[in-house]
Amino acid sequence: MRAVRRTTLPVLVAEEIRRDIIRGKLKPGSRLPTEKELSKQLGVGRPTVREALRILEGQRWIKFKFGEGAYVMDNAKTSQKSLAYLQKEEILELLKYEISQLEEEGRKVTDEIKEKFQRLKKEGSPEEIEEFYNSLQSLDRRDDFPYDEPSEIDEIKKKAPQEKITFSKLLDEDTLYERIHGAWLGRCIGCLLGKPVEGWPKNKIETYLKATKSFPLQDYFPYAPDKLENSEYSFHPSAKEATRGNIKYMARDDDLDYTILNLKLLEENGPEFSTEDVAEEWLSNLPYQMVYTAERQAYANLVRGFKPPDTAIYRNPFREWIGAQIRADVFGYICPGNPDLAASLAYKDASLSHRKNGIYGEMFVAAAISAALVSDDLEKVIKAGLSCVPKDSRLAEVVKNVINWSEKLGSWQEVWQKVYEAYGNYHPVHTLPNLAFVLIGLIWGKLDFKKSISIAVMCGWDTDCNGATTGSIIGALKGVKGIPEEMSRPLNDRIKSAVIGYSEARISDLARRTFEVSKKVR
């Protein structure tokens, strides 16, 4: 076992011990090291080890013998056959996504490689699968891959357009605070709007809205589970508290957890924070069960002893998914009119868990929000985002395509169709198609707050993320005064969060604190 970082939750200590059981380092029937020994090996206190062992006991991985300590269960659950199966299934799930990711980023994934994967799924041992996974990291780039997508900040800046977008307009303090407040509130409202149908495709959202006489979307979703009969899609588990007539606050969501956490990061460290500081904030303040995909892999990699940027790479096939993009906003909030700085701060956050377009998504959004806080020109806001990412990347292509299609076609639905045809092969949680949906909402909403977030959500897929990002940008452009009262009133200026110490907060207080940080950065 490797040392676990000091701020890890007991559940992750339990996970590290469980991995050693699965991989056969701790055999069925064998005695575990003592609490003192485990504490030293894992780098945590004995109370944390004790709680982790109780978790494993409850899951029937270990049992305690009076006066003798803890033993690995010697039963069917932990038989060598079962352990091998669990280990194999765990890595196969990641490997499936890794192969797709490598193809998308232009590696030479041959038919032979795909056939070997299928063969290993049926008859490969965990060791053979692990060896195969490791071999994929050395695959060469395809000769016909037309994109140039670095992950290092100096190279990103070098490959970005050299023409920078500047803003001469200075806002008075009251107006700037009002816009920062609008961005926070807009993010909350947009997230709530999309929360009930997170993961739904466009056609299913449209069907439900029509069944409830709510199409096109112009308000929060109605809560009518009876209309979902015979549907393969269901409401998000917390859907009801985000639906029309049931909203009393901004319900807890990871899209806002990260905004709050990054505000805390900046208050404690200032803009000079490092990626390692971001890691410490995660481990200290985010429950492991409430982080997902790339963030969960990076979190686990921190526990295993990896440091950035390896945390974003090892066993992380989700490194271009949307997780970094949803963490961007506060870096834009504190850098009004300075998109370059906003994007640079966003990079330090994104590189903990993401690579390539996963990083660019966060940089783009942070830069766009920075511009939106001091501009009334949506076109210039989008150009500001584009100015901070490599010009020959897939993400830049997505942005340019949505702009061009919007100029040529007659409706947002037609643009959506073009996006789906070009990028529908990506996972529904990938950065690229979801950023396209944000842009569709922004462009076709024509600076109308409600219309913008509604279109972004009706595009489908990661609806809470896309509604939140769209609402944040439009909220920054329009300020609180540009947000309809019927959309803001139900939240009662309250927000719930999983971030430790922020279970309940006032949205206006978070906006005020953000404004105070921005004064130190300007």
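Description of the structure in this document. (Residues numbered from 1 in each chain as written. Predicted model: local features only at pLDDT ≥ 70, side-chain atom pairs only at ≥ 80, totals over all residues. Heavy atoms only, no water.)

1. Some points on the overall build of the protein
Item 1. Within the protein, the regular secondary structure consists of 23 helices and 4 strands.
Item 2. In terms of overall dimensions, the protein is globule-like: its C-alpha atoms have a radius of gyration of 24 Å, near the 24 Å expected for 522 residues.
Item 3. A principal-axis box enclosing the C-alpha atoms of the protein has dimensions of 70 × 50 × 50 Å.
Item 4. Considering only residue pairs separated by 6 or more positions, the protein has 74% of its internal contacts joining residues 24 or more positions apart.
Item 5. As displayed, the protein has an accessible area near 21500 Å², and 48% of this comes from carbon and sulfur atoms.
Item 6. Of the side-chain charges in the protein, 78 are positive and 79 negative, and the distance between the mean point of each set is 3 Å. (Helix = DSSP H or I, 4+ residues; strand = E, 2+ residues; numbered from the N terminus. Rg over C-alpha atoms; globule rule 2.2 N^0.38 Å. Contact = heavy atoms within 4.5 Å. Areas by Shrake-Rupley, 256 points an atom, 1.4 Å probe, with all protein chains shown as cover. Lys, Arg positive; Asp, Glu negative; His and termini not counted. Charge placed at Lys NZ, Arg CZ, Asp CG, Glu CD.)

2. Quick notes on the pairing of strand 1 (residues 62-65)
Item 1. Two strands pair when backbone bridges link them, and strand 1 and strand 2 (residues 69-72) are joined in this way by 4 bridges, in the antiparallel orientation. Looking across to strand 2, one finds that lysine 63 is bridged to tyrosine 71. (Pairing = 2+ DSSP bridges.)

3. Observations concerning unusual backbone geometry
Item 1. Cis geometry marks the peptide bond from phenylalanine 215 to proline 216; its omega dihedral reads -5°.
Item 2. In this structure, proline 309 follows proline 308 across a cis peptide bond, with omega equal to 5°.
Item 3. Structurally, the position occupied by proline 309 is in the loop between helix 12 (293-303) and helix 13 (329-333).
Item 4. Despite not being glycine, threonine 293 shows a phi value in the positive range, around 40°.
Item 5. On the accessibility criterion, threonine 293 (27% relative accessible area) is partly exposed.
Item 6. One non-glycine residue, arginine 315, adopts positive backbone phi at about 50°.
Item 7. Tracing the backbone through its elements, the reader meets arginine 315 in the loop between helix 12 and helix 13. (Buried < 20%, exposed > 50% of the residue type's maximum accessible area, 1.4 Å probe, protein only.)

4. Thoughts on the nonpolar core
Item 1. Membership of the largest hydrophobic core comes to 136 residues, with the highest contact counts inside it found for Trp184, Phe364, Ile440 and Leu491.
Item 2. Excluding residues that lie within four positions of it along the chain, leucine 491 makes contacts with Leu185, Cys188, Ile189, Leu192, Tyr220, Ile247, Lys248, Tyr249, Met250 and Ile507. (Core = buried A, V, L, I, M, F, W, Y, C linked by side-chain atoms within 4.5 Å.)

5. Quick look at helix 18 (residues 412-423)
An α-helix turns once every 3.6 residues. As a result, residues three or four positions apart point the same way.
Item 1. Counted at 1.5 Å a residue, the expected span for helix 18 with its 12 residues is 16 Å, and the 16 Å between its end C-alpha atoms agrees.
Item 2. Every buried residue belonging to helix 18 is among Trp412, Val415, Trp416, Val419 and Tyr423, and all of these are buried. Down the axis of helix 18, the buried set is contained in an arc of 105°. They therefore lie on one face. (Expected span 1.5 Å × (residues − 1). Arc of directions from axis to C-beta.)

6. Observations concerning the packing of helix 19 (residues 431-445) against helix 21 (residues 463-478)
Item 1. For the pair helix 19 and helix 21, the least separation of the axes is 9 Å and the interaxial angle reads 45°. Regarding the angle of helix 19 to helix 21, the classification is oblique. Once helix 19 is placed against helix 21, the crossing between them reads as right-handed. Counting all contacts with helix 19, which are made through Asn434, Phe437, Val438, Gly441 and Leu442, the residues of helix 21 involved are Asn466, Thr469, Thr470, Ile473 and Ile474.
Item 2. Partitioned by chemical class, the residues of the contact of helix 19 with helix 21 number 5 nonpolar, 5 polar and no charged. (Axes fitted to C-alpha atoms, helices over the stretch in contact; angles between N-to-C directions. Parallel < 35°, antiparallel > 145°, perpendicular 65-115°, else oblique. Left-handed = near helix turned anticlockwise from the far one by under 90°. Nonpolar A, V, L, I, M, F, W, Y, C, P; charged D, E, K, R; others polar.)

7. Structural notes on the side chain of glutamate 178
Item 1. Checked against the element boundaries, glutamate 178 lands in helix 8 (residues 173-194).
Item 2. Here glutamate 178 sits buried without a salt bridge, and the closest side chain of opposite charge, lysine 481, lies 5.1 Å off (N-O distance).
Item 3. Those residues within four positions of glutamate 178 in sequence are excluded, and the remaining contacts are Lys478, Gly479, Val480 and Lys481. (Salt bridge = Lys/Arg side-chain N within 4 Å of Asp/Glu carboxyl O.)

8. Comments concerning the packing of aromatic side chains
Item 1. Using the criterion set out here, one finds 19 aromatic pairs in the structure.
Item 2. An angle of 10° between the planes, with centres 5.1 Å apart, marks the rings of tryptophan 416 and tyrosine 420 as stacked. Of the two residues, tryptophan 416 and tyrosine 420 both sit in helix 18, 4 residues apart, roughly one turn of that helix.
Item 3. Look at tryptophan 416 and you get buried, because its relative accessible area is 12%.
Item 4. By the ring-pair criterion, three or more aromatic residues cluster together here, those being Trp200, Tyr208, Phe221, Tyr223, Tyr233 and Phe235.
Item 5. The residue whose ring lies beneath arginine 315 is tyrosine 133, and the NZ or CZ to ring-centre distance is 4.0 Å.
Item 6. Above the plane of the ring of phenylalanine 167 lies lysine 380, whose end atom (NZ or CZ) is 4.6 Å from the centre. (Phe/Tyr/Trp six-rings, centres within 6.5 Å; stacked < 30°, edge-to-face > 60°. Lys NZ or Arg CZ within 6 Å of the ring centre and 35° of its normal.)

9. Quick word on helix 14 (residues 339-350)
Item 1. A rise of 1.5 Å per residue sets the reference length of helix 14, with its 12 residues, at 16 Å; its end C-alpha atoms lie 16 Å apart and thus fit the reference within 8%.
Item 2. Within helix 14 the residues assigned to the buried category are Pro339, Ala342, Ala343, Ser344, Leu345, Ala346, Tyr347, Asp349 and Ala350.
Item 3. Where helix 14 is buried, its residues contact helix 7 (153-159), helix 10 (254-269), helix 11 (275-285), helix 13, helix 15 (357-372) and helix 16 (378-386).

10. A few points about the pattern of salt bridges
Item 1. A complete count under the given rule lists 35 salt bridges for this structure.
Item 2. Among the ionic pairs, aspartate 376 bridges to arginine 179, the shortest N-O distance being 2.7 Å. Of this pair, aspartate 376 sits in the loop between helix 15 and helix 16 while arginine 179 sits in helix 8, and the two are 197 residues apart along the sequence.
Item 3. Here aspartate 255 ties to arginine 187 by a salt bridge, and the two come within 3.9 Å at their closest N and O atoms. Note that aspartate 255 is positioned in helix 10 and arginine 187 in helix 8, a separation of 68 residues in sequence.

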